[in-house]
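Per-entry structural report
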Amino acid sequence: KAKHSFNPLPYDSSIPIIPVKSTDDIKTATHKKISVVGCGQVGMAIAYALLNQTIPSTMALVDMNKEKLQGEAKDLEQGSAFHRNVR
């Protein structure tokens, strides 16, 4: 079993879930934070695709391997210099 430095957050049904009805809802939102869990091949392919489409204004990467996470974040940060509005 993996050891975590934090306790997982329990599910809370009181948090509202706002469904996205169409892709227009995504494109017209003023601030879009996207979290990508896992910095493997699939996670990074998704992150690069999202950046190329300039969908997120903020992107968070999550991975258990700290060194891989830092390396991939630096790669995305360097590449995001060519994209406006992405942090």
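What counts and what doesn't
- Residues numbered from 1 in each chain as written.
- Predicted model: local features only at pLDDT ≥ 70, side-chain atom pairs only at ≥ 80, totals over all residues.
- Heavy atoms only, no water.
- Helix = DSSP H or I, 4+ residues; strand = E, 2+ residues; numbered from the N terminus.
- Buried < 20%, exposed > 50% of the residue type's maximum accessible area, 1.4 Å probe, protein only.
- Contact = heavy atoms within 4.5 Å.
- Areas by Shrake-Rupley, 256 points an atom, 1.4 Å probe, with all protein chains shown as cover.
- Polar contact = N/O pair within 3.5 Å; in protein donor to acceptor, adjacent residues only side chain to side chain.
- Core = buried A, V, L, I, M, F, W, Y, C linked by side-chain atoms within 4.5 Å.
- Salt bridge = Lys/Arg side-chain N within 4 Å of Asp/Glu carboxyl O.

Scanning the chain from terminus to terminus reveals 3 helices and 2 strands. Starting at the N terminus and walking to the C terminus, you meet the elements of the chain as α-β-α-β-α. Burial statistics for the chain: of 87 residues in total, 21% are counted as buried. Contacts spanning at least 24 positions in sequence make up 62% of the contacts within the chain whose residues lie at least 6 apart. Surface summary for the chain: the accessible area is close to 7400 Å², and the carbon and sulfur share equals 57%.

What follows covers the side chain of E72. Inspection of the secondary structure puts E72 in helix α3 (residues 66-79). Residue classification places E72 among the buried positions, given a relative accessible area of 14%. What E72 contacts, discounting residues up to four positions off in sequence, is C39, M44, Y48 and L61.

Looking now at the environment of E72. Separated by 33 residues in the primary sequence, E72 and C39 place their C-alpha atoms 7.2 Å from one another. One polar contact links E72 to K68, side chain to side chain, over a distance of 2.9 Å.

Our next topic: the nonpolar core. Listed in full, the 9 residues of the largest apolar core are V36, C39, M44, A47, L50, L51, M59, L61 and L76. Counting residues per element, the ones that place at least two in this core are α2 (41-52) and β2 (58-62). Per-element accounting of this core gives the leading share, 4 residues, to α2. Residue contacts for A47: discarding those within four places in its chain leaves V36, M59, L61 and L76.

Moving on to the pattern of salt bridges. The full count for this structure, using the stated rule, is 1 salt bridge. Notably, a salt bridge pairs E72 with K68, separated by 2.9 Å at the nearest N-O pair. One end of the pair, E72, and the other, K68, are both in helix α3, 4 residues apart, so they sit about a helical turn from each other.

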